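Letter by letter, the chains look like this.
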Amino acid sequence: MSPRAGQAGHPARTLAFVESPVQLLNVLEWAHLHGLHDPGPSGPSGPAEPSGPGRAEPDALSGADAGGAGAATASVPPPALPTQPGPAHIGPAHAGPVPAVPVQGRRLPAGAAAAGAVAGGAAAGGTAAGGAELTVVVLSPTDPMTRGQLRRMADLARDEGYRVRWEEARGGTTAPFHTIGGLAGSLRRADRIVMGDPFSRYVQLLLTITRARDLVVVDDGTATMEFVAQLARGERLVRWHRKGGRPGARDLLFAPVSSSARRRLTPSDRRRVEVFSSMPVTEIPDGVTVTANDFAWTRARFGPPRITQSADLVGTSLVETGVVDGDRYLEAVRNLAKAHGATRYFAHRRESAEKLHRLAAETGLEIVRPDLPLELIARRGPIGRTILSFPSTVVHTLPLALAGTGVRVAVCDIDPTWLTDTASPRAQGFLSGVTGTARDVHRLAAVSPA
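Every value quoted in this text rests on a predicted model; they were computed, and no experiment measured them. Sequence order sets the numbering: in each chain, residues are counted from 1 along the sequence as written. Residue-level local features of this predicted model are given only where pLDDT is at least 70; pairs of side-chain atoms are given and counted only at 80 or more, and the full residue set underlies all totals for whole chains, interfaces and linings. Hydrogen atoms and water are omitted, and side-chain values are computed over all heavy atoms in the structure.

With that settled, the discussion passes to the side chain of Gln-204. Helix and strand assignments come from DSSP, with helices taken as H or I runs of at least 4 residues and strands as E runs of at least 2, each series counted from the N terminus. In this fold, Gln-204 is placed in helix α5 (residues 201-207). Only protein chains enter the accessibility calculation, which uses a 1.4 Å probe. A residue is then buried if its area is under 20% of the maximum for its type, exposed if over 50%, and partly exposed in between. Its relative accessible area of 1% is what places Gln-204 among the buried residues.

Structure below.
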């Protein structure tokens, strides 16, 4: 899709809505591919950072300032992990960056000085070479770890020359009204809308306001596979781990908005739809353009990493989403780490502190809570020669981000006996599909009790 998607005579105005650090990473990858740039003063207005008491909160980054992009990870020794989550309790008071994962200072990409000169010309009334404007709107969630990673990613987006507008979209009962009201004008003026989560009710509501002719969905992990399949089959948009259950009262109340969003995300003579993804997309709806994400920005911006001789294990939030039983998961992690000599466990941002405390105490693994998406952490290094994972997005993205480094990604299947009684009937088939469609990974059988 051409960056010049707007009306003749003015650059295309693009609004990107993100609610997670992975979504923002993939917006940066998409913008890098299409050559977008900062809109300058003429673009949509809005604060770059939240105002008020939330401006300087640490966001559970183990003592690290959430506003910068310096530290790669925060490590929590086993005895120090809390039994209850909360920003003030992650790690000891003196905790900071992991010595084994060094700080990589923020640096401008090649040609940044020239880009700055171009941006200055745009600010004076001119237009940069790409002819496309990009403003990233962060619809900030409440989860402390997600907020912290989003702050770090927002800094990287600014380093690349993009404008970031931070919205406390969930900061109280009136926050959605203030957020939507403040964005309404920009939504109506936008020529292109980029979104990381088409399942988000917030995003679906915003889609009812925009008149944009170009809609882009960037990766939000494995959910992207399900979104494309549901769009192709004309189904209502439902997250895979909830599919099969009876719609709740809120689902029924929101159904008209969700239906409207699905219609808007269906290509027509008046609307173009692009999916930018590193995931395997097999059921492509008519008229949808699929563009491959090969993590070119990540590989150009970071690394190559130093490779260690040990193995690292990547965690998953399948317990938190109610798909996998907690005791079964802990047993699987213990056996997997023992079989492959893993020493570090990279926690998913949505894993509970209570579960991580138990994992650390019972497996002896060093628990690392990254403050950036794992693709960036791995690319910066150091990283294990083998990365072990359960079915998740990283089995598709890490081989791309680490291409040419010699790191092996191995994925362990989810045994059907690990699933909870309340798991979606589609859970096992979906997770098997995530593993089976992954490229350049080594597939492991589900680990069994010792």
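What follows is about the pairing of strand β10 (residues 342-346). Burial analysis of β10 places 4 of its 5 residues in the buried class, the great majority of the element. Paired strands, in this sense, are two strands between which DSSP finds at least two bridges. Pairing between strand β9 (residues 307-314) and β10: 4 bridges, direction parallel. In the strand pairing of β10, Val-314 is matched with Phe-346. Each parallel crossover has a hand, and for β9 linked through helix α9 (residues 326-340) to β10 it is right-handed. Where β10 lies against strand β11 (residues 366-370), 3 bridges are found, and the strand directions are parallel. The residue of β11 that forms the bridge with Tyr-345 is Ile-367. On the question of chirality, the crossover connecting β10 to the parallel β11 by way of helix α10 (residues 353-363) is right-handed. Crossovers are described as right-handed under a simple rule: with the strands pointing away from the observer, the path leading from the first strand over the helix to the second runs clockwise.

Right, let's get into the environment of Arg-380. In this structure, Arg-380 sits in helix α11 (residues 374-380). A relative accessible area of 9% places Arg-380 in the buried class. Taking C-alpha positions, Arg-380 is 5.1 Å from Pro-305, a pair spaced 75 residues apart along the chain.

Okay, the packing of aromatic side chains next. For Phe, Tyr and Trp, where Trp contributes only its six-membered ring, two rings pair if their centres lie within 6.5 Å, and the inter-plane angle classes them as stacked under 30 degrees, edge-to-face over 60, or tilted in between. Under the criterion given, the structure shown has 4 aromatic pairs. Their ring planes at 85° and their centres at 5.9 Å tell us that Trp-297 and Phe-302 sit as a pair that is edge-to-face. Across the pair, exposure class does not vary: Trp-297 and Phe-302 are buried alike. A centroid spacing of 6.1 Å and a plane angle of 80° characterise the contact between Phe-390 and Trp-418, whose relative ring orientation is edge-to-face.

To continue, consider the pattern of salt bridges. We count a salt bridge whenever a side-chain nitrogen from Lys or Arg sits within 4 Å of a carboxyl oxygen from Asp or Glu. Applying the stated criterion to the full structure yields 16 salt bridges. For Arg-170, the salt bridge goes to Glu-19, with nearest N and O atoms at 2.4 Å. One end of the pair, Arg-170, is in the loop between β4 (163-167) and α4 (175-189); the other, Glu-19, is in the loop between β1 (12-18) and α1 (21-34), and 151 residues separate them in sequence. In this structure, Glu-362 and Arg-358 form a salt bridge, with 3.0 Å as the shortest nitrogen-oxygen distance. One end of the pair, Glu-362, and the other, Arg-358, are both in helix α10, 4 residues apart, so they sit about a helical turn from each other. Connected through shared salt-bridge partners, Asp-327, Arg-334, Arg-358 and Glu-362 make up one network.

Once that is clear, we can look at unusual backbone geometry. Here the amide bond leading from Gly-303 into Pro-304 is cis, since omega sits at 0°, within 30 degrees of zero. Looking at the secondary structure, you find Pro-304 in the loop between α8 (296-301) and β9. The omega angle of the peptide bond from Gly-381 to Pro-382 is -5°, so this bond is cis rather than trans. On the secondary structure map, Pro-382 appears in the loop between α11 and β12 (383-389). Despite not being glycine, Phe-295 has its phi angle at roughly 60°, a positive value. For Phe-295, the position within the fold is in the loop between β8 (288-292) and α8.

In short, geometric facts, not functional conclusions.
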